[in-house]
Amino acid sequence: MDELTGVFVQESREQLAEMEAGLLALEANPEETSDINAIFRAAHTIKGGAGVVECSYLESFTHKVENLLDQLRDGRLSPSEMRINLLLDCADHIGLLLDALEQGETTLSTSVIDADTRLRERLEQESAPSVASASPASPPPEAVAPVGENAPDIWYISVRFGEDVLRHGMDPIAFLRFLTTLGDIRELQTLADTMPPAEQMDPEACYLGFEICLETSAGKPEIEAVFDFVRDECELHILPPHSRSEDYIALINALPDDERPLLGEMLLRAGALTESELLIGLNSQELAKAYTDNSPPIGAILVEHKSVRPEVVEAAIQRQSAIQQAQQQTAPAPRVIEHEEVSAQIEPVASPPAVVADGEHHPAPAKARAASSEARMLRVQAEKLDRLIDLVGELVIAGASATELARQSGATQLVEATSLLSRLVEDIRDSALQLRMVQIGETFNRFNRVVRDVSHELGKDIGLVIRGGETELDKSLIEKVGDPLMHLVRNAMDHGIESQEKRQAAGKPARGRIELNAYHDSSSVVIEVSDDGGGLPYDKILAKAVAQGLVPANQSLTDEEIAALIFRPGFSTADRVSNLSGRGVGLDVVARNIQALRGTVEIKSKPGQGSRFVIRLPLTLAIIDGFLTAVGKNYFIVPLDTVVECIELPTHCDREYLNLRGEVLPFLRLRDEFELEGEPSTRQSVVVVQYAGHKVGLVVDRLHGEFQTVIKPLGPLFRHLRGIGGSTILGSGEVGLILDVPLLARRASRREARSFEPAPRAHKH
Amino acid sequence: MTMLTPTLYADNDLTIYHAQAIKQRWLEGLHQSEGDVTLDLSRVGEIDTAGLQLLWLLRREAHASGRRLNIVAVSPTVADLLAFCRLTENFSAPRATEPEVEAA
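About the thresholds
- Residue positions are counted from 1 within each chain, in the order its sequence is given.
- Whichever chain is written first is A, and whichever ligand is written first is 1; the rest continue in order.
- The predicted nature of this model means local features are confined to residues of pLDDT at least 70 and side-chain atom pairs, given and counted, to a pLDDT of 80 or more, with totals for whole chains, interfaces and linings taken over all residues.
- Water and hydrogen atoms were dropped before computing side-chain values, which therefore reflect all heavy atoms in the structure.
- Working rule for contacts: check all heavy atoms of both residues, and any pair within 4.5 Å makes them a contact.
- Note on terms: buried area is the combined drop in 1.4 Å-probe accessible area of two parts once they are placed together, counting the loss on both.
- Basic side-chain nitrogens of Lys or Arg form a salt bridge, by our definition, when they fall within 4 Å of a carboxyl oxygen of Asp or Glu.
- Pairs of N or O atoms are called polar contacts if they sit within 3.5 Å, as long as, within protein, a hydrogen donor faces a hydrogen acceptor (for residues adjacent in sequence, only side-chain-to-side-chain pairs).
- A run of DSSP states H or I qualifies as a helix once it reaches four residues; a run of E qualifies as a strand once it reaches two. Both are numbered from the N-terminal end.
- pLDDT measures the predictor's confidence residue by residue and takes values from 0 up to 100.
- Lines fitted to C-alpha atoms define the axes here, with helix axes fitted over just the stretch in contact, and angles between the N-to-C directions of these axes take values from 0 to 180 degrees.
- Just so you know how the angles are binned, under 35 degrees is roughly parallel, over 145 roughly antiparallel, 65 to 115 roughly perpendicular, and the rest oblique.
- If you view the pair so one helix is near and one far, a crossing is left-handed when the near helix is turned anticlockwise from the far one by less than a right angle, and right-handed when it is turned clockwise.
- Under this grouping Gly is polar, as are all residues other than the nonpolar Ala, Val, Leu, Ile, Met, Phe, Trp, Tyr, Cys and Pro and the charged Asp, Glu, Lys and Arg.
- Each pair of aromatic rings taken from Phe, Tyr and Trp, with Trp reduced to its six-membered ring, is defined by centres within 6.5 Å and is described as stacked if the planes are under 30 degrees apart, edge-to-face if over 60, and tilted in the remaining cases.
- We call a charge positioned over a ring when the NZ of a Lys or the CZ of an Arg lies within 6 Å of the ring centre and within 35 degrees of the ring normal.
- The classification of residues rests on relative accessible area computed with a 1.4 Å probe and restricted to protein chains. Under 20% of the type maximum is buried, over 50% is exposed, and intermediate values are partly exposed.
- The pairing criterion for strands is at least two bridges between them, as found by DSSP.
- Think of a nonpolar core as a cluster: buried Ala, Val, Leu, Ile, Met, Phe, Trp, Tyr and Cys residues, connected wherever their side-chain atoms sit within 4.5 Å.
- Helix span, as expected, comes to 1.5 Å for every residue beyond the first.

Asker: I would appreciate a short explanation of the interface of chain A and chain B in the present structure.
Answerer: As a measure of interface size, the accessible area lost when the parts come together is often cited. If you look at the interface, chain A gives 28 residues, while chain B gives 21 residues. When chain A packs against chain B, close to 2100 Å² is buried across both sides, 62% of that on carbon and sulfur atoms. When the buried area of chain A at its contact with chain B is split by residue, Arg177, Ala198 and Pro203 of chain A rank highest and sum to 27% of it. At the surface where chain A touches chain B, the tally comes to one salt bridge. Put simply, chain A and chain B have 11 residue pairs in polar contact (both at pLDDT 80 or more) between them. Every element with two or more residues in the side of chain A that touches chain B is listed here: α6 (172-179) and β2 (183-191) of chain A.

Asker: Looking at this model, I keep getting lost on the confidence of the model for chain A. Mind explaining?
Answerer: Detailed reading of predicted coordinates is not advised where the pLDDT is low. All names here are of chain A. This prediction gives chain A a mean pLDDT of 77; 82% of its residues lie at or above 70. Summarising per-element confidence for chain A, the mean pLDDT is lowest in helix α13 (residues 365-368) (39) and highest in strand β6 (residues 462-467) (90). Counting contacts from residues 758-765, a segment whose pLDDT is below 50, to residues more than four positions away or on other chains yields eight contacts.

Asker: Which parts of the structure should I look at to understand the packing of helix α1 (residues 3-28) of chain A against helix α16 (residues 441-458) of chain A?
Answerer: A pair of packed helices is captured by two measures, namely the crossing angle of their axes and the spacing between those axes. Residues and elements named next belong to chain A. At a closest axis distance of 9 Å, the pairing of α1 and α16 adopts a crossing angle of 50°. When the axes of α1 and α16 are compared, the pair comes out oblique. The chirality of how α1 crosses α16 is left-handed. Contacts between α1 and α16 involve Glu20, Leu24 and Glu27 from the first element and Asn448, Arg449 and Arg452 from the second. Along the lines of polarity and charge, the residues of the contact of α1 with α16 split into one nonpolar, one polar and four charged.

Asker: In this structure, what is going on with the packing of aromatic side chains? I would like to understand it.
Answerer: The geometry of an aromatic ring pair comes down to the distance between the two centres and the angle between the two planes. Residues and elements named next belong to chain A. Enumeration over the complete set of coordinates arrives at three aromatic pairs over all chains. Between Phe161 and Phe210, the aromatic rings sit 6.1 Å apart at their centres with planes inclined by 75°, giving edge-to-face as the arrangement. Here Phe161, found in strand β1 (residues 153-161), pairs with Phe210, found in strand β3 (residues 209-216); they are 49 residues apart in sequence, far enough to count as distant. Consider the rings of Phe567 and Phe613, whose centres lie 6.2 Å apart with planes at 90°: the pair is edge-to-face. Taken as a pair, Phe567 in the loop between α20 (559-565) and α21 (587-596) and Phe613 in strand β11 (residues 610-618) lie far apart in primary sequence, 46 residues in all. Its guanidinium or amino end placed over the ring of Phe40, Arg73 lies 3.7 Å from that ring's centre, counting from NZ or CZ.

Asker: Quick question: what am I supposed to make of the environment of Asp99 of chain A here?
Answerer: All names here are of chain A. Residue position: Asp99 is located in helix α4 (residues 81-102). Take Asp99: its relative accessible area is 27%, and that puts it in the partly exposed class. For the pair Asp99 and Val9, spaced 90 residues apart in the sequence, the C-alpha separation amounts to 8.2 Å.

Asker: What should I look at first to understand the sheet that holds β1 of chain A in this one?
Answerer: Neighbouring strands of a sheet are bound in pairs by backbone hydrogen bonds; such pairs are parallel or else antiparallel. Residue and element names in this part refer to chain A. Taking strand neighbours across the sheet as the criterion, the four strands line up as β2-β3-β1-β4 in an open arrangement whose pairing is antiparallel. Unpaired on one side and paired on the other, β2 and β4 (234-239) mark the two borders of the sheet. Adjacent strand axes in the sheet meet at a mean angle of 15°, parallel and antiparallel pairs treated alike. When β1 meets β3, the two strands line up antiparallel, connected through eight bridges. Across the sheet, Trp155 pairs through a bridge with Leu214, a residue of β3. Against the sheet, α6 contacts β1, β2 and β3, and its axis sits at roughly 15° relative to β3.

Asker: Looking at this model, I keep getting lost on unusual backbone geometry. Mind explaining?
Answerer: For residues other than glycine, phi is negative in most cases, and the peptide bonds are mostly trans. Residues and elements named next belong to chain A. The backbone of Arg661 shows a phi angle near 45°, a positive value even though the residue is not glycine. Structurally, the position occupied by Arg661 is in the loop between β15 (657-660) and β16 (663-669). When its relative accessible area of 64% is taken as the criterion, Arg661 is described as exposed. Although it is not a glycine, Glu675 sits at a positive phi angle of roughly 50°. Here Glu675 lies in the loop between α22 (670-673) and β17 (685-691).

Asker: Honestly, the nonpolar core in this entry has me stumped. Any pointers?
Answerer: General note: in soluble globular proteins, nonpolar side chains tend to be found buried as a group. Grouped together as the largest cluster of nonpolar side chains are 86 residues, with contacts concentrated most on Phe161, Phe210, Ile212, Phe227 and Leu267 of chain A together with Trp26 and Leu41 of chain B. Counting residues per element, this core draws most heavily on helix α2 (residues 49-64) of chain B, at eight residues. Among all residues touching Ile212 of chain A, those that are not within four sequence positions of it are Trp155, Tyr156, Ile157, Val159, Leu176, Leu179, Ile185, Glu187 and Leu188 of chain A. Formed by 47 residues, the second largest nonpolar core is a distinct cluster that contains Leu536, Ile541, Ile566 and Leu587 of chain A.

Asker: What should I look at first to understand the pairing of β17 of chain A in this one?
Answerer: Remark: a regular strand shows side chains that alternate across the two faces of the sheet. Residues and elements named next belong to chain A. Burial analysis of β17 places six of its seven residues in the buried class, which makes it a mostly covered element. In terms of strand pairing, β17 meets strand β18 (residues 694-700) through seven bridges, oriented antiparallel. In the strand pairing of β18, Val688 is matched with Gly697.

Asker: Please clarify how the pattern of salt bridges should be interpreted in this entry.
Answerer: When their charged atoms lie close together, side chains carrying opposite charge are able to pair. Residue and element names in this part refer to chain A. In this structure the tally under the stated criterion is 35 salt bridges over all chains. For the salt bridge of Asp453 with Arg449, the shortest nitrogen-to-oxygen distance reads 3.1 Å. In this pair, Asp453 and Arg449 are both assigned in helix α16, four residues apart and thus about one turn of the helix distant. Among the residues examined, Asp453 registers a relative accessible area of 26% and is labelled partly exposed. Among the salt bridges present, the one from Arg467 reaches Glu515, with a minimum N-O distance of 2.5 Å. Taken together, the positions of Arg467 in strand β6 and Glu515 in strand β8 (residues 512-521) put the pair 48 residues apart, joining distant regions of the chain. Taken together, the shared-partner salt bridges connect Glu20, Glu27, Asp92, Arg449, Arg452 and Asp453 into one network.

Asker: In this structure, what is going on with the sheet that holds strand β10 (residues 600-606) of chain A? I would like to understand it.
Answerer: All names here are of chain A. The five strands are arranged β6-β8-β9-β11-β10 in an open sheet whose pairing can be described as mixed. This sheet does not close on itself; its edge strands, each paired only once, are β6 and β10. Taking the axes of each pair of neighbouring strands and ignoring which way they run, one obtains an average angle of 15° across the sheet. Relative to β11, strand β9 (residues 524-531) runs antiparallel, the two being bridged by seven bridges. Counted as the bridge partner of Val526 is Arg616 from β11.

Asker: Would you mind showing me how to read α2 of chain B here?
Answerer: Because each turn of an α-helix spans 3.6 residues, side chains separated by three or four positions end up pointing in the same direction. All names here are of chain B. Over its 16 residues, α2 runs 22 Å from end to end, which matches the ideal 22 Å to within 8%, given 1.5 Å per residue. If you check the start of α2, you find a side-chain oxygen 3.0 Å away from the backbone N of Ala50, and it comes from Asp48. A positive backbone phi angle near 70° is found at Gly66, which sits one or two residues after α2.

Pasting the structure below:
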């Protein structure tokens, strides 16, 4: 797959998501015409791009979709449920076609072709009544437009021949006649206003100019090529048809980010401008500069030369300033996403890449400020970003080492310098990590469709509420959390939400409600999936678990423990196996996936009121702020976000919990926990940590204070170690172990809970 | 057809190779006469951009002195060129390809 196709597929998927969102919004509110416009734009952009990458099957299919959309937009058809369903199916199908394109399949599988044919027929039926009268904004119906080519459009060509053309043995009319090989000359106007009075008129000089309307499906470079031989001796302006503008704009928006985006070059790459047009424009800019102090911006010149339509220049300016802003990064861009395999270089669509563009391309400052926020995205190869994060990690370690040395040297100035340095390093680290952060909203929004489709399938009326979509988390996490979320949502819809009759009987609104929510909580991101259904049937779960031999029959379990059972492999309470869930595959996989991300999942449920699945994930996987402690000669790092406070361990404390301002605080002695040698120091400290509501104390010998650190994953040999999350290199070169606080917290609180059942045991020490 | 004087004509190719000579002859013919000008192009072989310009010039000069230029006959090549340039009407040239009067 070439790069252009890659960009196209990526962009199209985004457009497709927008189209889907628009369709769902339209379904909810059929009067809203702005939704139709958004949908139409998305489809049109995909079609335009498909034409550029010469993916004819996609182009022709999208064209059909566009026809129907066009009629919806004009109000000739109403957005009925059936039509919206059809369009959603079409969106899915376009997704399949994009998959095929992405995988470089030259032939489509028969199932796809079947679906294609069926959808085309349905589209045909839906839009049949007035298919012949396509609106001016969309190209004529497909019957006349050969697949894979741009539908013919009227180009406006203006040419003034130089006086010497005839003497050089060239006949302007012959060039014009040659134009007819490209298309149909609709109008032609001959102009001779430069012809001097008869006496001075040289019959061997050429004074003619022509204004031509050419209907052709050819592109700008092809049209320009007709005039190749006289290109230097004539003034030529080729103004593309209006309908092309949208395509150009789509292409401009699809341009990769350049180091230094030049307006002219962007237009050139999109095919909106030819090389010679650009050169001529730049020349006149130079010329203008020679006479006046400030030359007009290149965009204005090109519009004045009738080389490009103003709206295309406008789009290029917006894109340009978007790129520049993204590069300057003075403020963090709203959304910065990294994608794989999108490199910064791209072959121009039609003309050769070598461009001499020494002149200044003015970004037209006034307009630049009006840049739209939609295009502000920067695509970076994921590898580059990983490399950056790696380097920042090394920087953090090196910085820590320098700080340590400075501290030992005692030179005040050096200490000051290193402390400034470490603050900067901290900022760099934060910004670097921020680059990987993506809002979860996009992932959440996908569920609109899921909830809609599944509720249709189940015959339930369920609405989705999304909150906290702006919550950011690491991109790699977002990718991995999608599947578990999908499972939880489906599970909630299938098992959580009751049937309408049951709901009404229970006095609840007939329409069920699923809620997705995300927020930050200390060092983690919390994602919640809740429903207002019947809640977990504890007795049923327990009975099932006993029947399946998961728990002994006579054991009494807390509600929390019973709830945890549903994450056990092979567990299912569903009386019947539905299409969606209830096959006993699933929730255990969810739990495993989340654990693999160093996260946890828990359930809060109230009978009759619904359940809430709470997923906790670490913010990022790479770097943490740590709190350095030591036990004997061993260094341990506690993730700083989990640290609440530090207190001294009372000298006579035999039990495994202590009284923290009236609260019971269970604690763990790390020396015992990790079976470390050596005698505990006389004054031990307790680091109070909190995770997921559990407060736990960790007893250590010494406290060393804050410490920034890069998590180095443990080697495979140490994977099974419990309680250690990773390792790091200290400034002194020694190894520090990063504590797995969630696990330790759970262990301590579990031990505490148990200790309350039998008589409290005395601790050995 | 009212045979107003003078009748200009071109009996050769109306191309850049003869442009100088034709310009001189046509302009002289125009200046030495009065009334509307009649132009017979039925015997023109080739016509190119230079030829078209000469037609344009002649018409302009005629108009400048308040006279009209009537192209009374065109050869197929001339008719084709005028049609291509959408100038048939402007020169009030006959659409027919065969000479109307005085068939040679």
